[in-house]
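Fold and geometry: a report
Okay, here's what each chain looks like letter by letter:
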Amino acid sequence: VQVRGMGEFSTESIMETASKPESVSFGEIPLRFGAWEYGIFIAMLGISALIGIYFGFMTKKKQDNTEEYLLGGKTMSIFPVSCSLIASHVSGSTILGIPTQIYAYGTQYWMFVICAILTYLGITYVYLPVFHELQMTSCFLYLEKRFDRRVRVVASFVFALNIMLFVPAVIYTPALAFSQVSGLNLHLITPIICAICIFYTTVGGLKAVVYTDALQFILMVGATLIVMFLGIRMTGGFSGVWETAERGGRIIFFNMDPNPRLGMSFWTVTLGLSITWISLIGVTQSSVQRFLSLPDMKKAQKSAVFFAAGLIFIKTCCIFVGLIMYAKYESCDPYSMGIVKKLDQILPLFIMDVGASMPGLPGLFIAGIFSAALSSMSTSLNTLAGTIYEDFLRHRLPKASEKQASNTMKLIVVILGVIQLACVFVVERMGTVFYLTLALNGLTAGALLGLFSMGMMMRKANTKGVIAGTLLSLAIVATIVIGAQFAQRPPPLTLRVDGCAAINGTTPITEKIILPENDMHWIFLISPMYYPLIGIIIFLSVGYTVSHMTGGYNLEDERLLCHFMRSREFRERQKRDEAQYVKISMALKELEANGKK
């Protein structure tokens, strides 16, 4: 049998003559779902639809006004909001992509813990206090008040562009996994899944999205833990997994090489990923909308703590699943043997392998991957519908009632869902899942974070400066992203096949990877994790320079600045006003109590 090559790389086949370890055979692995797996998978989708029906038709508070539809009436509790934030951030590409990344490239990604801490600090001490104090339905309304309507429209367009590019990749990832274990055509799977997500998002609004996300988060964590424990038992325990990973060179935490072309190093993770996460969680409408659904700032801060802790936990579990996968297939890589067509399909194969002794487990785990994708898609649909209505339609429909506005947003959800479904068929022809999602997020993350950062931290920033910074940042990063699609990426670490069982009496062949000469300009070879960092550096440099050259800005309302940038006089006046407000509230409560007597 001729063993497959690495796909993206030139290869040279050589016969393996060394003594082989114990052989591994894929012949006994059930490669397709059974009745139990299909039952669990369908049940998960059914429950998601029922949640939408409940909040859309059976609760006393219907989703017939914008505050209820977008902010859940501001009565949400900490736990479901925290779970929703984690579930919508941990997409299917996370559950599927991270284990594959660890399997092929090692554990350097675990330095994301530093990014999670920096993201928490940025959210709770810089951006969230400003949004919560202003209490705006759309975080892009902040940009209109800080600059003008032109900036708001530009930011909304950039955000919509990011969602429309990113979500199809999120949908494609679990569909690819389900196609592997079911044998169904990818183009048949995606419309069904998208239809269910569009239904419960359209009917139930934010409450349906949040509670469905919470359920799906619990499902994700439970499935991941079960697979992890079963995998550890199959591969010789924790110490056995760790020793195998060390032997294969997968344990990497502090690769301090500053070469920007490295796909993964300490610097690419801590610098590039931090910018991405602060942008995605701190200043995008999907996250701010959830934080504002909580009744006060203290609960919002607690939710941010739970979010950071939950993110660290679930991603650490995904990393360890990747190590277990490597321990299982250390000497017989299923991708090189042609058992799977893409590296991203090794995890579904591993799940079918591990779950052979527990009926229903593969269905639970694949349902978990789909849950992650549904969470991201439903979040995006709900948020983008609100953004489009608030920033592009509301001023054109001044006489629309709250119920009409809510119905309009529901129609927008349906239209967006159909468009994103169509885009899935384009995404499947692009690069690998992990780096594809990084690149698509990196395209806009730097510009979006720059817009809000300049607004909150630079008094002299003006409209001309931030628009110039946005346009130039997007143009340069988009050029890099497009050019990078034609560049060769660094190959994975060593993948062995010397332990594979012979098929039809033929000895497996190992392959020596030879990376071809790359004639692309070095800028197109930069790690996708650096795209947001490049974007924000360009934005701030251009934005500050243009603002300075065009006369700056005279800011009057200091509430638009983050707390540590406000003047002492304003902070003291604000404290006096708050004290006066507390006195008035206590007096009113006392009058109300006396009146009841």
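Scoring rules and cut-offs
Residues numbered from 1 in each chain as written. Predicted model: local features only at pLDDT ≥ 70, side-chain atom pairs only at ≥ 80, totals over all residues. Heavy atoms only, no water. UniProt positions renumbered as here; feature names shortened; annotations may be inferred. Helix = DSSP H or I, 4+ residues; strand = E, 2+ residues; numbered from the N terminus. Buried < 20%, exposed > 50% of the residue type's maximum accessible area, 1.4 Å probe, protein only. Contact = heavy atoms within 4.5 Å. Areas by Shrake-Rupley, 256 points an atom, 1.4 Å probe, with all protein chains shown as cover. Phe/Tyr/Trp six-rings, centres within 6.5 Å; stacked < 30°, edge-to-face > 60°. Core = buried A, V, L, I, M, F, W, Y, C linked by side-chain atoms within 4.5 Å. Disulfide = S-S within 2.5 Å. Polar contact = N/O pair within 3.5 Å; in protein donor to acceptor, adjacent residues only side chain to side chain. Salt bridge = Lys/Arg side-chain N within 4 Å of Asp/Glu carboxyl O. Axes fitted to C-alpha atoms, helices over the stretch in contact; angles between N-to-C directions. Parallel < 35°, antiparallel > 145°, perpendicular 65-115°, else oblique. Nonpolar A, V, L, I, M, F, W, Y, C, P; charged D, E, K, R; others polar. pLDDT = per-residue confidence, 0-100. Expected span 1.5 Å × (residues − 1). Bend = angle between axes of the 7 residues up to and from the residue. Left-handed = near helix turned anticlockwise from the far one by under 90°. Patch = residues over 30% accessible without salt bridge, like charges linked within 9 Å, V, L, I, M, F, W, Y side chains within 5 Å.

An unreviewed UniProt entry annotates the protein as Putative sodium/solute symporter of Nyssomyia neivai. What the UniProt record of the protein gives under Subcellular location (unreviewed entry) is the line "Cell membrane".

For the rest of this paragraph, the subject is the overall build of the protein. Along the backbone of the protein there are 19 helices and two strands. Per-residue burial over the protein gives 58% buried out of 597 residues. Within the protein, residue pairs in contact and separated by at least 24 positions form 87% of the contacts whose partners lie at least 6 positions apart. As presented, the protein carries roughly 24,700 Å² of accessible surface, and 64% of it is formed by carbon and sulfur atoms.

In total, this model carries 15 aromatic pairs according to the counting rule given. Summarising the aromatic geometry, the rings of Phe238 and Trp242 are spaced 6.0 Å apart at their centres and angled 20° between planes, so their arrangement reads as stacked. Here Trp242 and Phe238 lie together in helix H9 (residues 237-247), a separation of four residues that amounts to about one turn. Judged by relative accessible area, Trp242 falls into the partly exposed class, the value being 28%. Among the aromatic residues, those joined into a ring-pair cluster are Trp110, Phe238, Trp242, Phe253 and Phe320.

Turning our eyes to something else, we now look at the environment of Arg247. Positionally, Arg247 belongs in helix H9. The exposure class of Arg247 is exposed, given its relative accessible area of 55%. Distance in space between the C-alpha atoms of Arg247 and Glu330 is 9.4 Å, their sequence separation being 83 residues.

Right, let's talk about the nonpolar core for a bit. Soluble, globular proteins show a tendency: their nonpolar side chains are buried together. Core analysis: the biggest nonpolar cluster contains 143 residues, and Tyr109, Tyr142 and Phe452 have the highest contact counts within it. Other than its neighbours up to four places away in sequence, Tyr142 contacts Val130, Phe131, Leu134, Met136, Phe452, Gly455, Met456 and Leu560. With 12 residues, the next largest nonpolar core counts Ala439, Val477, Ile480 and Tyr530 among its residues.

The next subject is the state of the cysteines. By definition, a disulfide is the covalent link that joins the sulfur atoms of two cysteine residues. Under the criterion given, the structure shown has one disulfide. Between Cys332 and Cys500 runs a disulfide, and the two sulfur atoms are separated by 2.0 Å. Handedness here is read from the sign of the S-S torsion; for Cys332 and Cys500, about 110°, the answer is right-handed. With Cys332 in the loop between helix H12 (297-328) and helix H13 (346-354) and Cys500 in the loop between helix H17 (463-484) and strand S2 (510-514), this pair connects stretches of sequence that are 168 residues apart.

On to the side chain of Ser336. Relative to the assigned elements, Ser336 resides in the loop between H12 and H13. Separated by 2.6 Å, the side chains of Ser336 and Asp333 make a polar contact.

Turning our eyes to something else, we now look at the side chain of Asp353. Among the structural elements, Asp353 can be located in helix H13. Taking relative accessible area as the criterion, Asp353 reaches 14% and is therefore assigned buried. For Asp353, the side chain forms a polar contact with the side chain of Tyr329, separated by 3.1 Å.

Turning next to the pattern of salt bridges. Opposite charge on two side chains permits pairing when their charged atoms draw close. Tallying each qualifying case throughout the model produces 10 salt bridges. The partner of Asp498 in a salt bridge is Arg496, with the nearest N and O atoms 2.9 Å apart. Judged by relative accessible area, Arg496 falls into the partly exposed class, the value being 27%. Each of Arg247, Glu330, Arg496 and Asp498 takes part in one network of salt bridges that share partners.

Between H9 and H12, the shortest axis-to-axis distance is 9 Å and the interhelical angle comes to 75°. As far as their axial angle goes, H12 and H9 are roughly perpendicular. Residue-level inspection shows Phe238, Val241, Trp242, Thr244 and Ala245 of H9 in contact with H12, the latter providing Phe320, Leu323, Ile324, Tyr326 and Ala327. Along the lines of polarity and charge, the residues of the contact of H9 with H12 split into nine nonpolar, one polar and no charged.

Attention now goes to H13. With respect to burial, H13 is a largely interior element, nine of its nine residues being buried. Considered for burial, the residues of H13 that qualify are Ile346, Leu347, Pro348, Leu349, Phe350, Ile351, Met352, Asp353 and Val354.

Averaged over all residues, the pLDDT of the protein equals 77, while 79% of them reach at least 70. Taken element by element, the predicted model of the protein shows its lowest mean pLDDT in strand S1 (residues 10-14) (35) and its highest in helix H18 (residues 531-549) (95).

With 23 residues, helix H5 (residues 112-134) should cover 33 Å at 1.5 Å per step; its first-to-last C-alpha distance of 31 Å lies within 8% of that length. Along its length, H5 shows its largest kink, about 50°, at Leu128, and proline Pro129 lies within four residues downstream of that point. Once H5 ends, the next one or two residues include Gln135, with phi positive near 50°.

The next subject is the environment of Pro491. With respect to the helices and strands, Pro491 occurs in the loop between H17 and S2. Note: C-alpha distance between Pro491 and Gly263 (228 residues apart in sequence) is 9.5 Å.

This next bit is on the packing of H5 against H12. Interaxial distance between H5 and H12 falls to 10 Å at its minimum, and their mutual angle equals 160°. As the angle between them shows, H5 and H12 are arranged roughly antiparallel. Judged by the twist between their axes, the crossing of H5 over H12 is right-handed. Residues Phe112, Val113, Ala116, Tyr120, Thr124, Leu128, Pro129 and His132 of H5 form the contact with H12, whose own contacting residues are Met297, Ala300, Gln301, Ala304, Val305, Ala308, Leu311, Ile312, Lys315, Thr316 and Ile319. For the contact of H5 with H12, the residue count by class is 14 nonpolar, four polar and one charged.

Attention shifts here to the environment of Gly469. Counting through the fold element by element, Gly469 comes out in helix H17. Looking at Gly469, the relative accessible area reads 0%, which means it is buried. Ignoring anything within four residues of it in the chain, the contact list for Gly469 reads Phe539, Val542 and Gly543.

Our next topic: a nonpolar patch on the surface. A contiguous nonpolar patch, built from Ile114, Ile117, Leu118, Leu121 and Tyr125 and spanning about 450 Å² of accessible area, is present on the exposed surface. Here Leu121 shows up in helix H5. Classification of Leu121 by relative accessible area gives partly exposed; the value is 39%.

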